[in-house]
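# Notes for the structure review
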Amino acid sequence: MLSFDFNKDYVLEDKRVLLRPLKVTDDEHLRVFSLNEPELWKYSPINAGAAGEENLKKYVDMAILSRENKIHYPFVVFDKAKNEYAGSTRFYDISFLHKSTSIGSTWYGKNFQGTGLNKHCKYLLLQFAFEEMEMERVQFEADNTNEKSIAAMKSIGCVVEGVLRSHKTMEHGRRDTIVLSILKDEWFGHVKENLRKKL
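Residues numbered from 1 in each chain as written. Predicted model: local features only at pLDDT ≥ 70, side-chain atom pairs only at ≥ 80, totals over all residues. Heavy atoms only, no water.

## Considerations on the overall build of the protein chain
For clarity, the threshold we go by: Secondary structure is summarised from DSSP: a helix means a run of H or I of at least four residues, a strand means a run of E of at least two, and numbering begins at the N terminus for each. Our radius of gyration is a C-alpha quantity, and the globule rule it is checked against amounts to 2.2 Å times the number of residues to the power 0.38. Residue exposure (1.4 Å probe, protein chains only): buried if accessible area is under 20% of the type maximum, exposed if over 50%, otherwise partly exposed. It only takes one pair of heavy atoms within 4.5 Å for two residues to be counted as in contact. Accessible areas in this description were obtained via Shrake-Rupley with a 1.4 Å probe; residue shielding takes into account the shown protein chains only. Residues scored as charged are limited to Lys and Arg (positive) and Asp and Glu (negative), so that His and the chain ends carry no count. Taken as the charge location is NZ of Lys, CZ of Arg, CG of Asp or CD of Glu.
The number of helices and strands found in the protein chain is five helices and eight strands. Listed by position from the N terminus, the elements making up the protein chain come as β-β-α-α-β-β-β-α-β-α-β-β-α. Taking 2.2 N^0.38 as the reference for a compact globule, 199 residues should give roughly 16 Å; the C-alpha atoms of the protein chain span a radius of gyration of 16 Å, in line with that estimate. C-alpha extents for the protein chain along the principal axes are approximately 45 × 35 × 35 Å. Looking at the protein chain residue by residue over its 199 residues, the buried ones come to 46%. A sequence separation of at least 24 residues applies to 60% of the contacts in the protein chain between residues at least 6 apart. As presented, the protein chain carries roughly 10300 Å² of accessible surface, and 49% of it is formed by carbon and sulfur atoms. Both charge centroids of the protein chain, one from 30 positive and one from 29 negative side chains, sit 3 Å from each other.

Rendered as structure tokens:
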């Protein structure tokens, strides 16, 4: 998709989940998590979390600005089974020159974790990245101590590449970042089918 347009509203959807571009007004849908589940951003780098109403507004505003600057494409996540908004995710570090992107800044409220929602989201995002955006590589990152997130990424077919030491500033110190990825040949070779069977 050489015609990928940051100004176009891409909607990714299956029977379980709907991903649509994040809007300024989505803070009202996400506020419940911001106020009641601040621990969702425990592993987020400084200024990247949305705990508390003021931080949520900054989070949404910065996400939308990053889309306007053509570096991120953020989504809000809607769980069709529960008929509720569940969280947010995005494409970032998008490079059409190098045919690569990252998927991240992903978080879901506690009631949506471990329900299979994440696999549906990742399937739609990976399918779009490899089959519509024509990417050759999709990267994922996490705090190297975030075992739950790392296990989730491995379960969808990500391959561990290594650890970036003292990579990002946290509220209380610095973190090592683990880097994982899926390549286009892996997606079409086995990851897509294996992930589809888990949906």
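## Description of the pattern of salt bridges
Applied cut-off: A pair is scored as a salt bridge if a Lys or Arg side-chain nitrogen falls within 4 Å of a carboxyl oxygen belonging to Asp or Glu.
With the rule as written, the count across this model stands at 14 salt bridges. Lys57 is the salt-bridge partner of Asp61, the closest N and O atoms lying 2.9 Å from each other. A residue pair is termed a helical-turn pair when its members lie 3 or 4 positions apart in one helix, as Asp61 and Lys57 do in helix α2 (residues 53-68) at four residues. Asp61 gets classed as partly exposed once you look at its relative accessible area, which sits at 32%. Lys57 gets classed as partly exposed once you look at its relative accessible area, which sits at 48%. A salt bridge links Glu136 to Lys184; the nearest nitrogen and oxygen atoms lie 3.8 Å apart.

## A word on helix α5 (residues 184-198)
Selection criterion: Each residue after the first adds 1.5 Å to the expected span of a helix. Fitting axes to the seven residues that end at a residue and to the seven that start at it, the angle between those axes gives the bend at that residue.
With 15 residues, α5 should cover 21 Å at 1.5 Å per step; its first-to-last C-alpha distance of 20 Å lies within 8% of that length. Roughly 50° is the biggest bend found in α5, and it falls at Val191. Within α5 the residues assigned to the buried category are Trp187, Val191 and Leu195. Where α5 is buried, its residues meet α3 (117-131) and β8 (173-183).

## Details of the environment of Ser181
The cut-off we apply is this: We define a polar contact as two N or O atoms separated by no more than 3.5 Å, with the added condition that, inside protein, one atom must be a possible hydrogen donor and the other a possible acceptor, whereas residues neighbouring each other in sequence contribute only through side-chain atom pairs.
Structurally, the position occupied by Ser181 is in strand β8. As for Ser181 and Val138, which are separated by 43 residues in sequence, their C-alpha atoms are 5.6 Å apart. Setting aside chain neighbours within four positions, we find Ser181 in contact with Arg137, Val138, Gln139, Phe140, Gly157, Cys158, Val159, Glu161 and Glu186. For Ser181, the side chain forms a polar contact with the side chain of Glu161, separated by 2.6 Å.

## With respect to the pairing of strand β7 (residues 159-170)
Threshold: When DSSP locates at least two bridges between a pair of strands, those strands are taken to pair.
Two elements, β7 and β8, share eight bridges in a ladder whose sense is antiparallel. Paired with Lys168 across the two strands is Arg175, which belongs to β8.

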